[in-house]
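Spelled out, the chains give:
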Amino acid sequence: MTSDEEKKSIFLSAGDDLSPTVSHYGSAASASQNFELVKCYDEIVEGKRHSWTTHLRLLRKLGEGGQGVVYLTERRGADKFTLPVALKVFSPERYPTIKEYEEDMARMAAVASKVARIQHEKVLQVENFLDQDQIRMMVMEWVEGFDLRRLLTPKMFGIVKQRVSERRWNHINDVLVTSGPVQPRFKAGAAVAVVRDCLEALAAMHRVGIVHGDVKPSNIMLKRSGHAKLIDIGAAFEMTKPPVRRTCTPVYAAIEVLEGEQNTPQSDLASLGYVTLELLAGRPLFPDARGLGSLLKAKHSLINELHLILPEEVYCNDLLVSFCRGLINPERKKRFHSAEAADFLEEGAAAFHRQLIKSDLASQYENDIRIWVEELIEMAAKDSEMDSD
């Protein structure tokens, strides 16, 4: 049989059914000679349970907090396959006993399992929950980009100014971010674009009964794609099973959480509201608060002091101010009743973006943010190369 005839025989052997995948090269006979390998294949596909070792190599620390440490990690597979992932190692230090640590980790595993099933591009993807020597670890997707806390530093803003052209710098200031009284200030359209991504993420979590519990700038990443992603589910919990041990960041926590009441979806909205105001104002919201009582007083009065915090170009927009008030209202029942409502109701975030479009003031925010983040990633890579040299 000639070479051309051998190739044709592969397709002829398939008969009338051409839906299965077949090889264009080799012969049908040569594909069935690896009997031992075929036997291993059959055992795998017919087996019910399998186990194998996962190789994880810790590369560098990404962050550290009260719950533990997060590392950029390389996961290795067969045939030199590698994948960057984030690995969170949960510390037992804050737990009085091993039993309390393991009980909380079991709760965390249940939450992680639910979050893993959401599969929403704005929600952190959880890939596994591991146990080594009783220490729990969570494997998550690695998000390439920058969290808002880092982006809100004057140092980061200054680096951009030094590295881009005057024309590019002016565009960034007109569309994305500009100088604020204390820290960089997001322009209204860009800020609301980021917040809408976060509302999508919260809506997806709330629909499956999960409260995030710790929405703050350092838990919001701007990705290379130009989207925002809500990360770090260490404080998240199932609404039907609230934890005994609560975790929050007081400056961004809702009033009712600080007062000892239950954390709810509306509490997540309040936290996002504080983040929104900080983005728009270019300054911390509660710099003078000292202690819990002082912080609570400042949060109760915040809704009536927006004219003192927001720049005139923001405060003059009634729709945007109404949206912010709907997020941070001290009375939980007066806030938006859901993340979807905060986005799509008449006074929601989507309405503000439509207003910008009608006024010919809108931008392709997703694309503008994508280009900006890519520039920052390239700058960071060059700085890293210089440091290594």
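Residues numbered from 1 in each chain as written. Predicted model: local features only at pLDDT ≥ 70, side-chain atom pairs only at ≥ 80, totals over all residues. Heavy atoms only, no water.

*Asks:* What's the story with the overall build of the protein in this structure? I'm lost.
*Replies:* Secondary structure summary: the protein contains 16 helices and 12 strands in total. Within the protein, the proportion of its 389 residues that are buried is 45%. The long-range fraction of contacts in the protein, counting pairs at least 24 apart against all pairs at least 6 apart in sequence, stands at 62%. With an accessible surface of roughly 21,400 Å², the protein has 51% of that area assigned to carbon and sulfur atoms. (Helix = DSSP H or I, 4+ residues; strand = E, 2+ residues; numbered from the N terminus. Buried < 20%, exposed > 50% of the residue type's maximum accessible area, 1.4 Å probe, protein only. Contact = heavy atoms within 4.5 Å. Areas by Shrake-Rupley, 256 points an atom, 1.4 Å probe, with all protein chains shown as cover.)

*Asks:* Looking at this model, I keep getting lost on the sheet that holds strand 10 (residues 220-223). Mind explaining?
*Replies:* Think of a sheet as strands paired side by side through backbone hydrogen bonds, with each pair either parallel or antiparallel. Pairing within the open sheet is antiparallel, and its 3 strands lie in the order 6-10-11. Bordering the open sheet on either side are strand 6 (145-147) and strand 11 (228-230), each of which pairs with just one other strand. Across the sheet, the mean angle from the axis of one strand to that of its neighbour is 30°, orientation sign disregarded. Here strand 6 pairs with strand 10 via 3 bridges, running antiparallel. Its bridge partner being in strand 10, Asp-147 is matched across the sheet by Met-221. Across the face of the sheet, helix 7 (residues 188-207) comes into contact with strand 10 and strand 11 while running at roughly 35° to strand 11. (Pairing = 2+ DSSP bridges. Axes fitted to C-alpha atoms, helices over the stretch in contact; angles between N-to-C directions.)

*Asks:* What exactly am I supposed to notice about unusual backbone geometry here?
*Replies:* Across the chain, the bulk of peptide bonds are trans and the bulk of non-glycine residues have phi less than zero. Residue Gln-119 is not a glycine yet carries a positive backbone phi of 55°. By the element assignment, Gln-119 lies in the loop between helix 3 (98-116) and strand 4 (126-132). The phi torsion at Asp-133 lies on the positive side, around 55°, for a residue other than glycine.

*Asks:* Honestly, the packing of aromatic side chains in this entry has me stumped. Any pointers?
*Replies:* The geometry of two aromatic rings is summed up by the distance between their centres and the angle between their planes. For the coordinates displayed, the defined rule picks out 6 aromatic pairs. Ring centres of Phe-186 and Trp-372 lie 6.0 Å apart, and the angle between their planes is 70°; on these two criteria the pair is classed as edge-to-face. With Phe-186 in strand 8 (residues 185-186) and Trp-372 in helix 16 (residues 365-388), this pair connects stretches of sequence that are 186 residues apart. Judged on exposure class, the residue Phe-186 and its partner Trp-372 are both buried. Note on Tyr-274 and Phe-286: the rings are 5.8 Å apart at their centroids and 80° apart in plane angle, and the pair reads as edge-to-face. Here Phe-286 lies in the loop between helix 9 (265-281) and helix 10 (291-302) and Tyr-274 lies in helix 9, a separation of 12 residues in the sequence. Taken as a pair, Tyr-274 and Phe-286 share a single burial class, namely buried. (Phe/Tyr/Trp six-rings, centres within 6.5 Å; stacked < 30°, edge-to-face > 60°.)

*Asks:* Sorry if this is basic, but what is going on with the sheet that holds strand 2 (residues 68-76) here?
*Replies:* The 5 strands are arranged 1-2-3-5-4 in an open sheet whose pairing can be described as antiparallel. Strands with a single pairing partner mark the edges of an open sheet, and in this sheet they are strand 1 (55-65) and strand 4. For this sheet, the mean inter-axis angle between neighbouring strands, taken without regard to orientation, is 25°. Across 6 bridges, the pairing between strand 4 and strand 5 (residues 135-141) is antiparallel.

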